[in-house]
Amino acid sequence: MTLFHFFNCAILTFGPHAVYYSATPLSEYDTLGTSVKAALVYLGTALVKLVCLATFLKVSENDSFDPYQELLHALIGFIDVAGLYFALTQLTHRNISQNHKFQAVGLGWAFADSVLHRLAPLWVGSRGLEFTWDYILQGLEANANLVFSISLAALGSLMWLRKNKPKTLIPIIYACAGIVATMPSITSYLRRELGWHFPKVVGFELFTSLMMAFISLQLFSACQRPSS
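Residues numbered from 1 in each chain as written. Predicted model: local features only at pLDDT ≥ 70, side-chain atom pairs only at ≥ 80, totals over all residues. Heavy atoms only, no water.

1. Some details on the overall build of the protein chain
Counting its secondary structure elements, the protein chain contains nine helices and zero strands. For the protein chain, the sequential pattern of α-helices and β-strands runs α-α-α-α-α-α-α-α-α. Against the globule reference of 17 Å for 228 residues, the protein chain gives a C-alpha radius of gyration of 18 Å, in line with a compact fold. Each of the three principal axes of the protein chain carries a C-alpha extent, and together these read 60 × 40 × 30 Å. (Helix = DSSP H or I, 4+ residues; strand = E, 2+ residues; numbered from the N terminus. Rg over C-alpha atoms; globule rule 2.2 N^0.38 Å.)

2. Considering the layout of surface pockets
Once rolled over the atoms, a probe with the size of a water molecule shows which space is left empty. Taken as a whole, the second largest pocket holds about 290 Å³ of empty space. Surrounding the second largest pocket, 15 residues form its lining, Tyr20, Phe102, Ile150, Ala213 and Leu217 being those nearest its centre. Put simply, the parts of the chain that give the lining of the second largest pocket at least two residues each are helix H5 (98–125), helix H6 (134–160) and helix H9 (198–224). Sorting elements by how many residues they give to the lining of the second largest pocket places H9 first, with six residues. When the residues that make up the lining of the second largest pocket are grouped by side-chain class, the tally is nine nonpolar, six polar and no charged. (1 Å grid on protein atoms, 1.4 Å probe; cavity = no way out; pocket = protein on both sides within 12 Å on 5 of 7 lines; lining within 4 Å. Points joined across faces, edges and corners; volume = space filled by probe spheres on them. Nonpolar A, V, L, I, M, F, W, Y, C, P; charged D, E, K, R; others polar.)

3. A few points about H5
Along its 28 residues, H5 runs 40 Å from first to last C-alpha, staying within 8% of the 40 Å computed at 1.5 Å per residue. Along H5, the largest kink reaches about 45° and is centred on arginine 118; proline proline 121 follows within four residues of it. (Expected span 1.5 Å × (residues − 1). Bend = angle between axes of the 7 residues up to and from the residue.)

4. Considering the pattern of salt bridges
Using the criterion set out here, one finds three salt bridges in the structure. Here aspartate 113 makes a salt bridge to arginine 118, at a shortest N to O gap of 3.0 Å. Since its relative accessible area comes to 10%, arginine 118 is described here as buried. Among the ionic pairs, glutamate 141 bridges to arginine 118, the shortest N-O distance being 3.8 Å. Note that glutamate 141 is positioned in helix H6 and arginine 118 in helix H5, a separation of 23 residues in sequence. Judged on exposure class, the residue glutamate 141 and its partner arginine 118 are both buried. One network of salt bridges, in which partners are shared, links Asp113, Arg118 and Glu141. (Salt bridge = Lys/Arg side-chain N within 4 Å of Asp/Glu carboxyl O. Buried < 20%, exposed > 50% of the residue type's maximum accessible area, 1.4 Å probe, protein only.)

5. Notes on the UniProt feature "transmembrane region" (unreviewed entry) in the protein chain
When the UniProt feature table is mapped onto this chain, "transmembrane region" (unreviewed entry) is found at residues 39–59, 71–92, 104–124, 144–161, 168–190 and 202–223. With 82% helix and 0% strand, residues 71–92 has end C-alpha atoms that lie 34 Å from one another. Between the end C-alpha atoms of residues 202–223 there is a gap of 31 Å, over a span that is 100% helix and 0% strand. (UniProt positions renumbered as here; feature names shortened; annotations may be inferred.)

Set out below in structure tokens:
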């Protein structure tokens, strides 16, 4: 039963990444190399973030919300944006379109995040004798993170690669990117300051990720229309 629970949680956590790759044109255009490169960039970015967090953030004695620490944490979180910029603009990609590029980068980014932050806890915890919903919720959270990563990659693609985008949409693109980039601090505020429990936070992440995906899709479609 414990091993069965582990496999269920692992499929829920990592399965959507494989489904997304195989069910979209990414597999037809052989963009796996781009996703692997993006995953490696994520690992490097995570290492830089870890060093910054260990250097500038103090260990809190309780789980209360500290605005100064969370602001610093959010600023350090923008290292992810710099990493995505590097992955989208500086890495050499095969001859794929901008549409497929940001999807492949976002997919690799999200998969590396799930492996780094969820594989070990999943392996250790979900094989316990007592059933818990926590690891199922972590799998759902990984799905929300997949949507967030692809949305942020799409917005980054519009910011840095699309030159002829409508000027009226530029503030909206940057505002949406800022919201997605600071989502960890937002959820931390909901959990620590407002006292939201983990299931409620995960539900908020799932809802917000779908909203941001819809907005990103509309912005991407609007920027692809020929200007009159």
